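Structural overview for review
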Amino acid sequence: MAQVLDIVALRSLIAVADHGGFHRAARALLVSQSTVSLHVRRLEKVLGSPAVEPDGRRTRFTAEGRLLLAQARQIVDVHDAALRRLAAEDAPVVVVGSTEHCADQILPALAAAVRCVQPGARVRYRVDRSSRLREALDQGAVDLAVFLTDGGPGQGVGTAALSLGWYAAPGWRRPPGGAPLPLVAVEEPCTIRHRALRVLAEQGIAAEVVCDAAYLAGVLDATRAGLGVALLGTGGTCPEGLVELPALPPVPPARLATRSAAGTDPRLTAAAVRAVRELLDPAGATRRAAA
């Protein structure tokens with residue numbers, strides 16, 4: 001096709017329409033008025049008829065000019081969207097992971113921390129069990145993650161304490177006659193499962209796991225179904241469809257750690273630790289900042 005609609009000329013035509021004339025369009029585009037006029041004349045040559053006519057001290061679009069203007073807006077919108085997509089493809093990608101517990105609170109904090117350190121980065125998310133997140137970090141599939149930890153060596157930077165509570169379906173009643181407390185838990189290995197069984201045993205409360213779930217979603221579903229009680233880390237919010245059971249013995253908070261994969265910008269780890277601490281332990285974060 002011999003004729004071409006130049007994208008720069010189309011921008012000038014749109015500016016004439018949006019700003020009410022050649023002079024104002026030139027000022028908005030930071031070019032001379034003669035340049036804007038040249039652009040419009042070039043489009044009119046392709047169109048084969050005038051696009052803009054004088055109307056006193058203003059300008060008026062012809063019928064053909066209005067049609068060209070509508071097409072110009074579409075062309076420029078598509079052109080600019082393509083540039084944005086191409087630029088996004090070149091942006092670095094940072095994959096952040098979170099334990100399933102409190103992921104709805106932790107992931108936004110991690111994303112904000114990443115964008116603070118690397119403003120142009122695209123953020124992708126992974127919610128998983130802590131053991132799988134640690135494996136993903138070792139494999140380089142995740143750049144940064146917050147997970148539950150038992151405090152073992154090489155498990156990252158201690159970040160915050162995650163409060164734990166007992167939950168059950170509304171109306172759930174403890175089995176009578178000294179029957180074991182039915183427990184719903186994530187399958188082994190699971191830090192919170194171990195803690196629940198240990199605390200109950202220390203308090204002389206017999207318990208048995210009546211439902212194993214591969215992930216937290218399964219624990220929530222089974223608990224809502226009334227199969228038993230679950231020990232959950234909720235960050236102070238009660239899960240939908242459940243009620244807290246304060247009569248059961250209190251459980252010490254679980255520890256969260258933050259770790260980055262090899263080669264990740266160390267500033268990301270520091271920013272993530274700070275963000276999660278401010279989220280889950282704002283008083284402690286303030287004390288550490290003042291120290």
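Every residue gets a number counted from 1 within its own chain, in the order that chain's sequence is written. With pLDDT at 70 or above as the cut-off, local features in this predicted model cover only qualifying residues; side-chain atom pairs require 80 or more to be listed or tallied, and sums for whole chains, interfaces and linings still use all residues. The side-chain quantities take in all heavy atoms of the structure and omit both hydrogens and water.

With that settled, consider the confidence of the model for the protein. Note on scores: pLDDT gives the predictor's confidence for each residue, bounded by 0 and 100. On average, the protein scores 85 in pLDDT, and the residues at 70 or more come to 92%. The least confident element of the protein is helix α10 (residues 282–290), whose mean pLDDT is 47; the most confident is strand β8 (residues 181–186), at 94. The numbering of helices and of strands both runs from the N terminus, where a helix is a DSSP run of H or I of at least 4 residues and a strand a run of E of at least 2.

Moving on, we get to the pattern of salt bridges. Salt bridge, as used here, is a side-chain nitrogen of Lys or Arg placed within 4 Å of a carboxyl oxygen of Asp or Glu. Counted under the stated rule, the structure contains 13 salt bridges. Here Asp265 ties to Arg267 by a salt bridge, and the two come within 2.7 Å at their closest N and O atoms. Connected via shared salt-bridge partners are Arg126, Asp128 and Arg132.

The disulfide criterion used throughout: a pair of cysteine sulfur atoms within 2.5 Å. Under the definition given, this model contains 0 disulfides. Unpaired in terms of disulfides, Cys211 finds its nearest cysteine sulfur in Cys190, a separation of 13 Å. Residue exposure (1.4 Å probe, protein chains only): buried if accessible area is under 20% of the type maximum, exposed if over 50%, otherwise partly exposed. Under the relative-accessibility criterion, Cys211 is labelled buried at 16%.

For helix α6 (residues 130–139), the complete set of buried residues consists of Ser130, Leu133, Ala136 and Leu137. The buried side chains of α6 occupy one side of the element, clustering within an arc of 115° when seen end-on. Away from the buried face of α6 by more than 90 degrees, exposed residues Asp138 and Gln139 are located. Should any heavy atoms of two residues lie within 4.5 Å, those residues are counted as being in contact. As for α6, its buried residues are in contact with β3 (93–99), β4 (122–128), β5 (144–149) and β12 (254–260). Gly140 occupies a position one or two residues after α6 and carries a positive phi of about 80°. Throughout, the arc means that of the directions going from the helix axis to the C-beta atoms.

Successive side chains on a regular strand alternate, one facing one side of the sheet and the next facing the other. With respect to burial, strand β7 (residues 164–168) is a largely interior element, 5 of its 5 residues being buried. Along β7, one buried face is formed by Leu164, Trp166 and Ala168 and the opposite face, lined by Gly165 and Tyr167, is buried too. In this structure, β7 lies alongside strand β10 (residues 230–233), joined through 4 bridges in antiparallel fashion. In the strand pairing of β10, Leu164 is matched with Gly233. The sheet contact formed by β7 and strand β11 (residues 243–244) spans 2 bridges and is antiparallel. Paired with Ala168 across the strands is Val243, a residue of β11. Here, a strand pair is defined by DSSP locating no fewer than two bridges between the strands.

Mapped onto the fold, Thr62 is located in the loop between β2 (58–61) and α4 (63–90). With relative accessibility at 6%, the residue Thr62 sits in the buried group. The residues touching Thr62, leaving out its near neighbours within four places in the chain, are Pro50, Ala51, Val52 and Glu53.

To qualify as a nonpolar core, a set must consist of buried Ala, Val, Leu, Ile, Met, Phe, Trp, Tyr and Cys residues joined through side-chain atoms within 4.5 Å. By size, the foremost hydrophobic cluster in this structure holds 56 residues, and its most contacted members are Val96, Leu110, Val114, Trp166, Val219, Val229 and Leu232. Ignoring any residue separated from it by four or fewer positions in sequence, one finds Leu110 in contact with Val96, Gly97, Leu144, Val146, Ala272 and Val276. Counting 19 residues, the second largest nonpolar core, distinct from the first, contains Ile14, Phe22, Val40 and Phe61.

As a further point, take the environment of Leu144. Looking at the element boundaries, Leu144 is found in strand β5. Remark: the alpha-carbon pair of Leu144 and Gly235, spanning 91 residues in sequence, is separated by 20 Å. Beyond its immediate sequence surroundings of up to four residues, Leu144 is in contact with Val95, Val96, Gly97, Leu110, Val114, Leu137, Thr258, Arg259, Ser260, Leu268, Thr269 and Ala272.

Further remarks concern the sheet that holds β10. Strand order in this open sheet of 3 strands is β10-β7-β11, and the pairing throughout is antiparallel. Strands at the two margins of the open sheet, each flanked by one partner only, are β10 and β11. In the packing of helix α8 (residues 216–224) onto the sheet, the strands contacted are β7 and β10, and the crossing angle to β10 comes to about 130°. As a rule, the C-alpha atoms of each element are fitted with a line to give its axis, helices using only the stretch in contact, and angles between N-to-C directions run from 0 to 180 degrees.

So, about the sheet that holds β3. Read from one edge to the other, the open sheet built from 5 strands follows the order β4-β3-β5-β12-β6, with strand pairing classed as mixed. Two strands close off the open sheet at either side, each with one partner strand: β4 and β6 (157–162). The sheet shows a mean angle of 25° between the axes of neighbouring strands, taken without regard to direction. Sheet analysis places β3 next to β5, joined by 3 bridges and oriented parallel. In the sheet register, Val96 faces β5, and the bridge partner there is Leu144. Contacts from helix α5 (residues 103–117) reach β3, β4, β5 and β12, with the element oriented near 155° to β3.

The span expected for a helix works out to 1.5 Å for each residue beyond the first. Relative to the 16 Å expected for 12 residues at 1.5 Å per residue, helix α7 (residues 191–202) spans 17 Å between its end C-alpha atoms, a close match to the ideal helical length. Turning to α7, the residues buried within the fold contact β5, β7, β8, β9 (207–213), β10 and β12.

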